[in-house]
Amino acid sequence: MTTPKYLTGDAAAIDEFIDRFDVFLLDCDGVIWSGDHVFEGVVETLEYLRSRGKKTVFVTNNSTKSRQEYLKKFTGLGIPSDVEEIFGSAYSASIYISRILKLTPPKNKVFVIGEAGIEQELRSENVPFIGGTDPAFRRDITSEDFKGLADGSLLDPEVGCVLVGLDFHINYLKLSYALQYLRRGAVFLATNVDSTFPMSHGFFPGAGSMSMPLMYSTGQKPVALGKPSQAMMDAIEGKFQFDRERTCMVGDRLDTDIKFGIEGKLGGTLAVLTGVSQKEHWEAADAVAVPAFYVDKLSDIGLVARANKQ
């Protein structure tokens, strides 16, 4: 097993590292920010990479926000960016449904477990849907629901797909609807299968924790459209036309970000220690992935390199 190269504090190695790549694919949660807290030095680091002619693309598994909402968040946090630089799992899922799955009437609706970000991206691709943030699904299940779901009278006959993302209002009613659609042959998709979600310097149930009850009750695995799915890598490459050998994936999770970069045969992967995975995780015998490089925090590659240039 190769040992990742530690770059923090090594100005010459950082300079060499940056020179190796033209494109940096950057995860957001745990790399750029935690919740609404931007990690120190990140803005300057992104500016520095761009000043050296590097392209930055933000690749996130968080499906609760659309690209437009992400742009608002970036702007509000003082991070200059463009909507075309943002590639989220809600967008990836919408592209997959509209351009690859190509559901046809009368079974072309999507039942959504998730937040407004998914709905906005589905609308942008003209994909009809139900569920999601509809208040009708944000309640306790009743005996009438059990009857109507069991006999199918409450189900929409046009639903041909169930899409599961992070849902802050997950409940038994939504899971029951989704299960009935899946039992009747609907395609099972997940924006991503992250087990946890970093927020406010802590960890909370992720989108994978929403789809797990359905995986358990149906015995099916969803097609996952976020990292490390190579469907997402192919979609990003199709949009940006980059050279994989000259591209580096930067992330905090071995099982999504680093695995994504390795399986996508990118030129390099950089792990940061401000999120989920830590050094002991890739040193373990059963490590899911091992990064090529690592730093304590993203700003280490900007601050030291800039100091070196002065």
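Keep in mind it's a predicted model, so treat the numbers as computed, not measured. (Residues numbered from 1 in each chain as written. Predicted model: local features only at pLDDT ≥ 70, side-chain atom pairs only at ≥ 80, totals over all residues. Heavy atoms only, no water.)

1. Observations regarding the overall build of the chain
(1) Moving on: Per the secondary structure count, the chain includes 12 helices and 16 strands.
(2) Moving on: Expected size for 310 residues packed as a compact globule is a radius of gyration near 19 Å; at 20 Å, the chain falls within 12% of this value.
(3) Moving on: Considering only C-alpha atoms, the chain reaches an extent of 70 × 40 × 30 Å along its principal axes.
(4) Moving on: Looking at the chain as a whole, 55% of its 310 residues qualify as buried.
(5) Moving on: At a minimum sequence separation of 6, the contacts of the chain that also span at least 24 residues come to 72%.
(6) Moving on: For the chain, the computed accessible surface area is about 13300 Å², with 53% contributed by carbon and sulfur atoms. (Helix = DSSP H or I, 4+ residues; strand = E, 2+ residues; numbered from the N terminus. Rg over C-alpha atoms; globule rule 2.2 N^0.38 Å. Buried < 20%, exposed > 50% of the residue type's maximum accessible area, 1.4 Å probe, protein only. Contact = heavy atoms within 4.5 Å. Areas by Shrake-Rupley, 256 points an atom, 1.4 Å probe, with all protein chains shown as cover.)

2. Some thoughts on the pairing of strand S14 (residues 247-251)
(1) Moving on: With 5 of 5 residues buried, S14 is to be regarded as a mostly interior element.
(2) Moving on: Residue alternation in S14 divides its side chains into two sets, Thr 247, Met 249 and Gly 251 and Cys 248 and Val 250, and both sets are buried.
(3) Moving on: Note: S14 against strand S15 (residues 268-272), 4 bridges, orientation parallel. When the sheet's bridge partners are listed, Met 249 is paired in S15 with Thr 269.
(4) Moving on: Handedness of the crossover is the feature at issue here: the chain leaves S14, passes through helix H10 (residues 254-263), returns alongside S15, and the resulting connection is right-handed. (Pairing = 2+ DSSP bridges. Right-handed = clockwise from strand over helix to strand, strands pointing away.)

3. Some thoughts on the side chain of Ser 63
(1) Moving on: Of note, Ser 63 is situated in the loop between strand S5 (55-60) and helix H3 (67-76).
(2) Moving on: Its relative accessible area of 1% is what places Ser 63 among the buried residues.
(3) Moving on: A distance of 3.4 Å separates the side chain of Ser 63 from the side chain of Thr 191, its partner in a polar contact.
(4) Moving on: What Ser 63 contacts, discounting residues up to four positions off in sequence, is Ser 89, Ala 90, Gly 117, Ile 118, Gly 165, Leu 166 and Thr 191. (Polar contact = N/O pair within 3.5 Å; in protein donor to acceptor, adjacent residues only side chain to side chain.)

4. A few points about the UniProt feature "active site" (unreviewed entry) in the chain
(1) Moving on: Taking the numbering used here, the UniProt-annotated feature "active site" (unreviewed entry) corresponds to Asp 27 and Asp 29. Lining the largest cavity, from the residues just named, are Asp 27 and Asp 29.
(2) Moving on: Mapped onto the fold, Asp 27 is located in the loop between strand S2 (23-26) and strand S3 (33-34).
(3) Moving on: Excluding anything up to four places from it in sequence, Asp 27 contacts Ile 32, Val 59, Thr 60, Lys 227, Met 249, Val 250, Gly 251, Asp 252 and Asp 257. (UniProt positions renumbered as here; feature names shortened; annotations may be inferred. 1 Å grid on protein atoms, 1.4 Å probe; cavity = no way out; pocket = protein on both sides within 12 Å on 5 of 7 lines; lining within 4 Å.)

5. Some words on the packing of aromatic side chains
(1) Moving on: Inspection of the entire model under this criterion finds 18 aromatic pairs.
(2) Moving on: On the numbers, 5.9 Å between centres and 20° between planes, the contact of Phe 111 with Tyr 177 is stacked. Of this pair, Phe 111 sits in strand S7 (residues 109-113) while Tyr 177 is found in helix H7 (residues 172-183), placing the two residues 66 residues apart along the sequence.
(3) Moving on: Residue classification places Tyr 177 among the buried residues on the basis of a relative accessible area of 7%.
(4) Moving on: Ring centres 6.2 Å apart and planes at 55° place the aromatic pair Phe 168 and Phe 197 in the tilted group. One end of the pair, Phe 168, is in the loop between strand S9 (159-164) and H7; the other, Phe 197, is in strand S11 (residues 196-199), with 29 residues separating them in the sequence.
(5) Moving on: If you follow Arg 67 out to its NZ or CZ, it ends over the ring of Tyr 91, 3.6 Å from the centre.
(6) Moving on: Lying over the aromatic face of Trp 33, Lys 73 brings its terminal NZ or CZ to 4.2 Å of the ring centre. (Phe/Tyr/Trp six-rings, centres within 6.5 Å; stacked < 30°, edge-to-face > 60°. Lys NZ or Arg CZ within 6 Å of the ring centre and 35° of its normal.)

6. Considering the sheet that holds strand S8 (residues 129-131)
(1) Moving on: If you trace the 5 strands from one edge of the open sheet to the other, you get S8-S7-S9-S10-S13, paired in parallel fashion. Here the strands that pair on one side only, and so sit at the sheet edges, are S8 and strand S13 (223-224).
(2) Moving on: Strands S7, S8 and S9 of the sheet are contacted by helix H5 (residues 116-124), whose axis makes an angle of about 165° with S8.
(3) Moving on: Set on the sheet, helix H8 (residues 207-218) makes contact with S7, S9 and strand S10 (187-190); between it and S10 the angle comes to about 150°. (Axes fitted to C-alpha atoms, helices over the stretch in contact; angles between N-to-C directions.)

7. Considerations on empty space enclosed by the protein
(1) Moving on: The full count for this structure, using the stated rule, is 1 cavity of 30 Å³ or more.
(2) Moving on: A volume near 150 Å³ is recorded for the largest cavity.
(3) Moving on: Contributing to the lining of the largest cavity are 18 residues, with Asp 29, Asn 61, Asn 62, Asp 194 and Phe 197 lying nearest its centre.
(4) Moving on: Sorting the residues of the lining of the largest cavity by element identifies S11 and H10 as the ones contributing at least two each.
(5) Moving on: Of the residues in the lining of the largest cavity, the class split is 4 nonpolar, 7 polar and 7 charged.
(6) Moving on: Of the domains in this structure, domain 1 (5-61 + 228-309) and domain 2 (103-224) are the two that each give at least three residues to the lining of the largest cavity. (Points joined across faces, edges and corners; volume = space filled by probe spheres on them. Nonpolar A, V, L, I, M, F, W, Y, C, P; charged D, E, K, R; others polar. Domains from an automatic or database assignment.)

8. With respect to the state of the cysteines
Simply put, the disulfide is a covalent bond whose two ends are the sulfur atoms of two cysteines.
(1) Moving on: Scanning the entire structure with this criterion turns up 0 disulfides.
(2) Moving on: Unpaired in this structure, Cys 248 has its nearest cysteine sulfur neighbour in Cys 28, at a distance of 15 Å. (Disulfide = S-S within 2.5 Å.)

9. Observations concerning the packing of helix H6 (residues 143-151) against H7
Any two packed helices are characterised by how steeply their axes cross, that is the angle between the axes, and by the distance between the axes.
(1) Moving on: As a packed pair, H6 and H7 sit with axes 10 Å apart at the nearest point and diverge in direction by 10°. In terms of orientation, H6 and H7 fall into the roughly parallel class. Helix-helix and strand crossings are classified by hand; for H6 and H7 the assignment is right-handed. Residues Asp 145, Phe 146 and Leu 149 of H6 form the contact with H7, whose own contacting residues are Tyr 172, Leu 173, Ser 176, Tyr 177 and Gln 180.
(2) Moving on: Looking at the contact of H6 with H7 residue by residue, the classes come out as 5 nonpolar, 2 polar and 1 charged. (Parallel < 35°, antiparallel > 145°, perpendicular 65-115°, else oblique. Left-handed = near helix turned anticlockwise from the far one by under 90°.)

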